[in-house]
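A look at the structure
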Amino acid sequence: MAAGIREKQTVALKRMLNFNVPPVKNSTGEPVWKVLIYDRFGQDIISPLLSVKELRDMGITLHLLLHSDRDAIPDVPAVYFVMPTEENIDRMCQVFDQYLNFITLEDDMFVLCNQNKELVSYRAINRPDITDTEMETIMDTIVDSLFCFFVTLGAIPIIRCSRGTAAEMVAVKLDKKLRENLRDARNSLFTGDTLGAGQFSFQRPLLVLVDRNIDLATPLHHTWTYQALVHDVLDFHLNRVNLEESTGMESSPAGARPKKKNKKSYDLTTSDKFWQKHKGSPFPEVAESVQQELESYRAQEDEVKRLKSIMGIEGEDEGAISMLSDNTAKLTSAVSSLPELLEKKRLIDLHTNVATAVLEHIKSRKLDVYFEYEEKIMSKSTLDKSLLDMISDPDAGTPEDKMRLFLIYYISSTQAPSEIDLEQYKKALMDAGCNLAPLSYIKQWKAFTKMASAPTSYGNATPKPLGLFSRVMNTGSQFVMEGVKNLVLKQQNLPVTRILDNLMEMKSNPETDDYRYFDPKMLRGSDSSVPRNKNPFQEAIVFVVGGGNYIEYQNLIDYIKGKQGKHVLYGCSELFNATQFIKQLSLLGQK
């Protein structure tokens, strides 16, 4: 597992694209040329892992959607990567199951699906009128994908889950599916031959299945780290962020059509060193780092101009620059640094644009104030301003921001507010333009859930303000951070991380002591909570049934950094931001 699921899924994909044999080039050093045909599901799995250039390097000259109209291409081998639906199989003849039905977004993060995700969404699982058959179908979909994940990982986990939840239903079904596959020795997918040597680590991983209902506050929480903010306030999807770039505030003649906004897309991937280093950093730190990178590049800008003139390249001729990259070996050492410098400039421009777009949201909606206030609510600290004042302040946040804040207060409070107080809050929320449907669902949820008597604890560390931004940002900065709080995060474990810590380190804790224990390698299953293995685990996968988010992912990553030699992966049935989650709560709360 140390190799990371991204690497393993990429290896499996490359093997598939090479007709299920390890990739080797032919005698001329060229790959076998071929066509790749996928459906939307296949496209979602490939796009975060392999770029068009990497596909070309593997011999893929053309990649097409299965149901698009196209001419036949005789005498060229084709690889089909599709879901085995009746419709798809009608379109072609034979399918070889690759067990790749999940999407890897990071070395240590995966989601189950992107197409048709509403079928396994939080709302789908928690609908009051759901039938047993519908629930079975949802659970089977989740289990099939988790099974693919473990085939790719090449390991049989020890499974732990909470009782009486959808997570328990997933655990029972996954245990059964793994057990049946292991018992069929001739066709088992977990033998050394099918997986290739070196994919097993000595100790088996722990799979912790948790239910979204154990913590509904975190998905609504305003956040302060770069990746989670990008996901919260921008259009960020399968590692690609889409920005609308305003074309400036030029005054147009009265009655003229407003200028169209330019749409720009950027891929935020593992090859982007700045993103890898700063995606988990507090936003002020990111703004400062972009500025520093820009200043260090400016110092080298004259060098870039000099090298470009030597090479006879004018402006930003991408084609010429990529040719340079390919021929670097033939160039002198001075010129060989040009592609590197230009790539550095591209990343600086990218993150300047993305961070500026995030900053606009922070300033216009006072997201720093919301983040700090919510952290205080969740850690039961003293509030410096009444909740009613926050909701009623016309200059702070959108109606949705106010609703998120109030829901977090309602979920986190040990005692629900009195009916009189609640009416007052509801009036203030309605005056602020809020839709109250999510609140009616959360009220029902709080009344039914066992957690009502003991709300989830979020630790007691609140962010520490370092004063406003005057010090960090000098006047020459790209980022006008005036009035934005320079908040520094303190590490505190969110509920999902705390549950993992208890189970991975074998700690006795009332929160997890009755978690069920499954070992698919044991001949007989048991309804036990007593782990047979008493040693702490080195590797774990946390999977959230009902949807996850980047805040939780980042919290797990920060936690495991302090545990030498240990690894953790985060997975979820779908990945949503607060806006998408509130929509689901609204639909559940509608009368």
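Residues numbered from 1 in each chain as written. Predicted model: local features only at pLDDT ≥ 70, side-chain atom pairs only at ≥ 80, totals over all residues. Heavy atoms only, no water.

**Looking at the sheet that holds strand S3 (residues 78–81)**
In plain terms, the rule: Strand pairing is assigned whenever DSSP detects at least two bridges linking the two strands. Only DSSP runs of H or I with at least four residues qualify as helices, and only runs of E with at least two residues qualify as strands; both kinds are numbered from the N terminus onward. Geometry is summarised by axes, namely lines fitted to C-alpha atoms with helices restricted to the contacting stretch, and by angles between N-to-C directions that run from 0 to 180 degrees. Here, residues are in contact when the closest pair of their heavy atoms is within 4.5 Å.
Read across the open sheet, the 3 strands follow the order S2-S1-S3; overall the sheet is parallel. Whereas interior strands pair on both sides, the edge strands pair on one side only; in this sheet they are strand S2 (60–65) and S3. On average, adjacent strands in this sheet sit at an angle of 20° to one another, irrespective of strand direction. As judged from the 5 bridges shared by strand S1 (residues 34–38) and S2, these two strands associate in the parallel manner. Across the sheet, the residue bridging to Ile-37 is Leu-64, located in S2. In this fold helix H1 (residues 5–17) packs onto S1, S2 and S3, with an angle of close to 140° to the strand it touches most, S3.

**Overview of the pattern of salt bridges**
Rule in force here: What makes a salt bridge here is a side-chain nitrogen of Lys or Arg within 4 Å of a carboxyl oxygen of Asp or Glu, nothing more. Each residue's exposure class comes from its accessible area (1.4 Å probe, protein chains only) as a fraction of the maximum for that residue type: buried when under 20%, exposed when over 50%, partly exposed otherwise.
Counted by the stated rule, this structure contains 29 salt bridges. In this structure, the salt-bridge partner of Arg-404 is Asp-401, at a minimum N-O distance of 4.0 Å. You can see Arg-404 and its partner Asp-401 sitting in helix H16 (residues 399–412), 3 residues apart, about one turn around the helix. Note on Arg-404: relative accessible area 0%, which makes it buried. One continuous salt-bridge network, built from bridges that share partners, spans Asp-232, Arg-365, Asp-401 and Arg-404.

**Digging into helix H21 (residues 578–589)**
The condition is simple: Take the number of residues in a helix, subtract one, and multiply by 1.5 Å to get its expected span.
When the terminal C-alpha atoms of H21 are compared, their 16 Å separation across 12 residues agrees well with the 16 Å that a helix rising 1.5 Å per residue should span. Every buried residue of H21 is listed here: Ala-578, Phe-581, Ile-582, Gln-584, Leu-585, Ser-586, Leu-588 and Gly-589. Looking at the buried residues of H21, the elements they touch are helix H5 (122–126), helix H9 (226–233), H16 and helix H18 (437–448).

**Digging into the pairing of strand S14 (residues 539–545)**
For the record, the criterion: Every crossover in which the path from the first strand over the helix to the second runs clockwise, viewed with the strands pointing away from the viewer, is termed right-handed.
Counting buried positions over the 7 residues of S14 gives 7, a clear majority of the element. Covered by surrounding structure in S14 are Glu-539, Ile-541, Phe-543 and Val-545 together with Ala-540, Val-542 and Val-544, the residues of both alternating faces. Sheet topology places strand S7 (residues 206–211) next to S14; 6 bridges connect them, and they run parallel. Opposite Leu-207, over in S14, you have Ile-541 as the bridge partner. Examined bridge by bridge, S14 and strand S15 (residues 567–572) share 6 bridges and lie parallel to one another. Within S15, the residue paired with Ala-540 across the bridge is Val-568. With helix H20 (residues 550–561) bridging S14 and its parallel neighbour S15, the resulting β-α-β unit is right-handed.

**Re unusual backbone geometry**
We note that Lys-380 has phi near 60°; this positive angle belongs to a residue other than glycine. Locating Lys-380 in the fold gives a position in the loop between helix H14 (367–378) and helix H15 (387–392). A positive phi angle is found at Met-506, which is not glycine, with a value near 60°. By the secondary structure assignment, Met-506 is in the loop between helix H19 (495–504) and strand S13 (516–518). The partly exposed category is assigned to Met-506, whose relative accessible area is 23%.

**Quick word on the packing of H1 against helix H6 (residues 132–153)**
Condition: Each angle is binned into one of four classes, with values under 35 degrees roughly parallel, values over 145 roughly antiparallel, values of 65 to 115 roughly perpendicular, and all other values oblique. Three categories are distinguished: nonpolar for Ala, Val, Leu, Ile, Met, Phe, Trp, Tyr, Cys and Pro, charged for Asp, Glu, Lys and Arg, and polar for the others, with Gly belonging to the last.
Viewed as axis vectors pointing N to C, H1 and H6 meet at an angle of 85°, and their least axial separation amounts to 9 Å. Classified by the angle between their axes, H1 and H6 sit roughly perpendicular to one another. Residues Ile-5, Lys-8 and Gln-9 of H1 pack against Phe-149, Thr-152 and Leu-153 of H6. Here the residues of the contact of H1 with H6 sort into 3 nonpolar, 2 polar and 1 charged.

**Some details on the confidence of the model for the chain**
To keep things clear, this is the line we draw: Known as pLDDT, the predictor's confidence for each residue is given on a scale from 0 to 100.
The pLDDT averaged across the chain works out to 82; a share of 79% of its residues lies at or above 70. Below a pLDDT of 50 lies the segment residues 451–455, which in the model reaches 10 contacts outside its immediate sequence neighbourhood of four places, other chains included.

**Details of the sheet that holds S13**
What the 7 strands build is an open sheet, ordered S4-S5-S15-S14-S7-S6-S13; its pairing is mixed. Edge positions in the sheet fall to strand S4 (103–106) and S13, since each has one partner strand and no second. Each strand of the sheet is rotated relative to its neighbour by a mean of 20°, with strand direction disregarded. Pairing between strand S6 (residues 158–161) and S7: 4 bridges, direction parallel. Looking across to S7, one finds that Arg-160 is bridged to Val-208. Running at roughly 135° to S4, H1 makes contact with S4 and S15 of the sheet.

**Section: the side chain of Thr-223**
With respect to the secondary-structure elements, Thr-223 resides in the loop between S7 and H9. The class of Thr-223 is buried, set by a relative accessible area of 6%. The contacts of Thr-223, once residues within four sequence positions are left out, are Ala-228, Leu-229, Asp-232, Phe-371 and Ile-551.

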